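# Observations on the model geometry
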Amino acid sequence: MTEIRFYDAVDDALLRFAVIVARSAGKWVLCKHRERESLELPGGHREPGESIRETAARELREETGAVDFTLRPICAYSLKGELRADLVTETESFGMLFTAEIRSFGPLHSEMERIILMDKLPRSWVYPVAHPRMVEEVLRRKALSPEPCALCPMYYETHAHAILDGADFRAALKRHADGPDEVWVRRVLERYRDNHIIYVRDGGDHQGVSLLAKRLAPEYGVEYRSPAFAIHQKGLYGSMVGRAWADMAAYRALVAEAKEQGADFIKLMLSGIMDFNEYGVLSCPSPTPEEMAELVRVAHGEGFAVMAHCNGADAVKAALAAGIDSLEHGYYMDAQAVADLAASDCVWVPTFAPVANLMGLGRFPDEVLNRIVEGHRANVRAALSAGARIAPGSDGGAFAVPHAAGALDEYRWLRDLVPKEELQKGAERIRERFCRHYALVHLSPEP
Ligand SMILES: [Zn+2]
């Protein structure tokens, strides 16, 4: 007989195994061992020095070939008795149960012969009691549902900059002067992981920090997307997080370079930022509407969705007409810009946190900040009722917007404006669209 128990928490030192209930494209992911006929869930022994999450990530990679995946701890379990025909354990042994959503596979590196993707669960299991009971437990906890729930909260951060530290951008840029600082990047990823943030879309930097974050993120169960660097017009806003073009040939070269470096999408800077001392004023002009159209056309033509930093009614209208895929900030829109947004396919990331979090700090006049935020709130309400898609993104790393805490702040600022399900839909649309070659399949660039 097999005895299995589930626990919300046990002492980490007791955890000796990790088992993963994995799904991919709506199917169950099961493993077929070389020497066994029946199927099993991926999982295995914790090795010395590993965290239990690292065990789960390693086993998932080795046994299923998973390359790009999101991993979530669900609960601990213990087993005792007859585990399979040839394996009995007399003492209670503990492990951690995870779920994983796998988005891409590579080769296997283990004793598994192959993986099997199934619509329904198998009848015949290597561990005939333990594994089906684990799947049942995951279902009972609704841990496979994409909806955030009390038991397993899940948040999205659709706008962050791993390079920035929420405090001092000069010090932050200096930290990576000799190449991306891995210790820093791991600390940022830990914060996202520990706050149940499963998806992060970076807005870019010119020191390779977001690319390093993307490379390390699977270890933390975080899906991380990067544009490599942001791209701005020479002389206009954006040098802090990106690189500049002076003409279209230079811009094309930058897009090619981003592609070469492994960018998932293109990030364009299409306006200045707000002057927090004076309502209605932006720090610099924008590229012309014709230039914006060309910038977006080239990016789409190369298979990239476009994340666009843009403020000011006219600039937003021009950017939407150019076909941007997400609008970042979008402060100071007028009624026409809001209507254009709602009529478009573009997802709006209004980023309240970098403005609203400044209130009460005494750094800028609260009357100005208040006016900016109130106008923005009214626009979000109008856009939502006109059918626009809105996504949660905080500009994490910006001043007064610490990583992860800022993402949760953004959810709070949006809480009474946008229903939770709507935020989820907006975030999922970004997640689907802002990966490589989305545009090749879904957008039709002009010939
Ligand atoms: Zn940004």
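In short, a report on the structure.

About the criteria used
Residues numbered from 1 in each chain as written. Predicted model: local features only at pLDDT ≥ 70, side-chain atom pairs only at ≥ 80, totals over all residues. Heavy atoms only, no water. Pairing = 2+ DSSP bridges. Helix = DSSP H or I, 4+ residues; strand = E, 2+ residues; numbered from the N terminus. Axes fitted to C-alpha atoms, helices over the stretch in contact; angles between N-to-C directions. Buried < 20%, exposed > 50% of the residue type's maximum accessible area, 1.4 Å probe, protein only. Core = buried A, V, L, I, M, F, W, Y, C linked by side-chain atoms within 4.5 Å. Contact = heavy atoms within 4.5 Å. Phe/Tyr/Trp six-rings, centres within 6.5 Å; stacked < 30°, edge-to-face > 60°. Lys NZ or Arg CZ within 6 Å of the ring centre and 35° of its normal. Parallel < 35°, antiparallel > 145°, perpendicular 65-115°, else oblique. Left-handed = near helix turned anticlockwise from the far one by under 90°. Arc of directions from axis to C-beta. Donors = N, O, S within 2.8 Å, 3.2 Å for Na, K, Ca; no water. Expected span 1.5 Å × (residues − 1). Polar contact = N/O pair within 3.5 Å; in protein donor to acceptor, adjacent residues only side chain to side chain.

Before going further, it helps to examine the sheet that holds strand β9 (residues 155-160). The 3 strands lie next to each other as β9-β10-β11, forming an open sheet whose pairing is parallel. Every interior strand has two partners, whereas the edge strands, β9 and β11 (223-225), have only one. Averaged over all adjacent pairs, the angle separating strand axes in this sheet is 10 degrees, with direction ignored. As paired elements, β9 and strand β10 (residues 197-202) share 4 bridges and run parallel to each other. Considered in β10, the bridge of Tyr-155 is made with Ile-197.

All right, on to the sheet that holds strand β15 (residues 306-310) then. The strand order across the open sheet built from 7 strands is β13-β12-β14-β15-β16-β17-β18, with neighbouring strands paired in parallel fashion. Each having just a single partner strand, β13 (242-245) and β18 (389-390) make up the two edges of the open sheet. Where β15 lies against strand β16 (residues 326-329), 4 bridges are found, and the strand directions are parallel. Considered in β16, the bridge of Met-307 is made with Ser-326.

Backbone geometry places Asp-395, a non-glycine residue, at a positive phi of 65 degrees. Residue position: Asp-395 is located in the loop between β18 and α12 (405-414). Judged by relative accessible area, Asp-395 falls into the buried class, the value being 11%. Positive phi, normally seen in glycine, also occurs at Ala-404, with a value near 70 degrees. Locating Ala-404 in the fold gives a position in the loop between β18 and α12.

All right, on to the nonpolar core then. Counting 74 residues, the largest nonpolar core has Tyr-251 and Ile-324 as its most contacted members. Top element by residues in this core is helix α11 (residues 366-385). It accounts for 7 residues. Non-local contacts of Tyr-251, meaning those with residues more than four positions away in its chain, are made with Ile-231, Trp-245, Ile-266, Leu-268, Leu-295, Val-298 and Ala-299.

This part takes up the packing of aromatic side chains. As enumerated under the stated definition, the model contains 7 aromatic pairs in all. With centroids separated by 5.0 Å and ring planes inclined at 70 degrees, the aromatic side chains of Tyr-155 and Tyr-411 adopt a geometry described as edge-to-face. Of this pair, Tyr-155 sits in strand β9 while Tyr-411 sits in helix α12; the two residues are 256 residues apart in sequence, bridging distant segments of the chain. When the centroid spacing of 6.4 Å and the interplanar angle of 70 degrees are considered together, the rings of Trp-245 and Tyr-251 count as edge-to-face. Across the pair, exposure class does not vary: Trp-245 and Tyr-251 are buried alike. The lysine or arginine in question, Arg-201, covers the ring of Phe-265, its NZ or CZ lying 5.8 Å from the ring centre. Taking the ring centre of Phe-434 as reference, the NZ or CZ of Arg-201 above it sits at 4.4 Å.

All right, on to the packing of helix α9 (residues 335-343) against α11 then. Contact geometry of α9 with α11 gives a least axis separation of 9 Å together with a crossing angle of 40 degrees. Relative to α11, the element α9 lies oblique. Pair α9 / α11 crosses with right-handed handedness. Contact residues: Val-338, Leu-341 and Ala-342 in α9; Asn-379, Ala-382 and Ala-383 in α11.

Since one α-helical turn is 3.6 residues long, residues separated by three or four positions face the same way. Listing the buried residues of helix α2 (residues 130-140) in full gives Ala-130, His-131, Met-134, Val-135, Glu-137 and Val-138. Buried residues along α2 cover an arc of 160 degrees about the axis, so they all sit on one side. Buried residues along α2 sit against β1 (2-7), β2 (15-24), β3 (27-33), β4 (39-40), β6 (66-84) and β7 (87-105). Positive backbone phi, at 55 degrees, marks Lys-142, one or two positions downstream of α2.

Another point: the coordination of the zinc ion. Summarising the metal site, the zinc ion is bound by the protein donors His-159 (NE2), His-161 (NE2) and Asp-395 (OD), whose distances to it range over 2.1 to 2.5 Å. Mapped onto the polypeptide sequence, the residues donating to the zinc ion form the spacing pattern H-x1-H-x233-D. His-161 gets classed as buried once you look at its relative accessible area, which sits at 4%.

Turning our eyes to something else, we now look at helix α6 (residues 248-261). Over its 14 residues, α6 extends 20 Å from the first C-alpha to the last, a length consistent with the 20 Å expected when each residue adds 1.5 Å. For α6, the set of buried residues is Met-248, Tyr-251, Leu-254, Val-255 and Ala-258. Projection of α6 onto a plane perpendicular to its axis shows the buried side chains occupying an angular sector of 110 degrees, all on one side. Exposed side of α6, more than 90 degrees from the buried face: Ala-249 and Glu-260 are the residues found there. Along its buried surface, α6 packs onto β12 (230-233), β13, β14 (266-269) and α7 (289-301). Regarding α6, its N-cap is Asp-247, as a side-chain oxygen of that residue lies 3.2 Å from the backbone nitrogen of Ala-249 further along. In the segment just after α6, Gly-262 is the residue with positive phi, at about 100 degrees.

Its place among the elements puts His-176 in the loop between α3 (169-175) and α4 (182-194). We classify His-176 as buried; its relative accessible area is 1%. With 31 residues separating them along the chain, His-176 and Gln-207 place their C-alpha atoms 6.8 Å apart. In contact with His-176, not counting residues within four places along its chain, are Ile-163, Asp-181, Trp-184, Gln-207 and Val-209. Engagement of the side chain of His-176 in a polar contact is seen with the backbone nitrogen of Asp-181, the distance being 2.9 Å.

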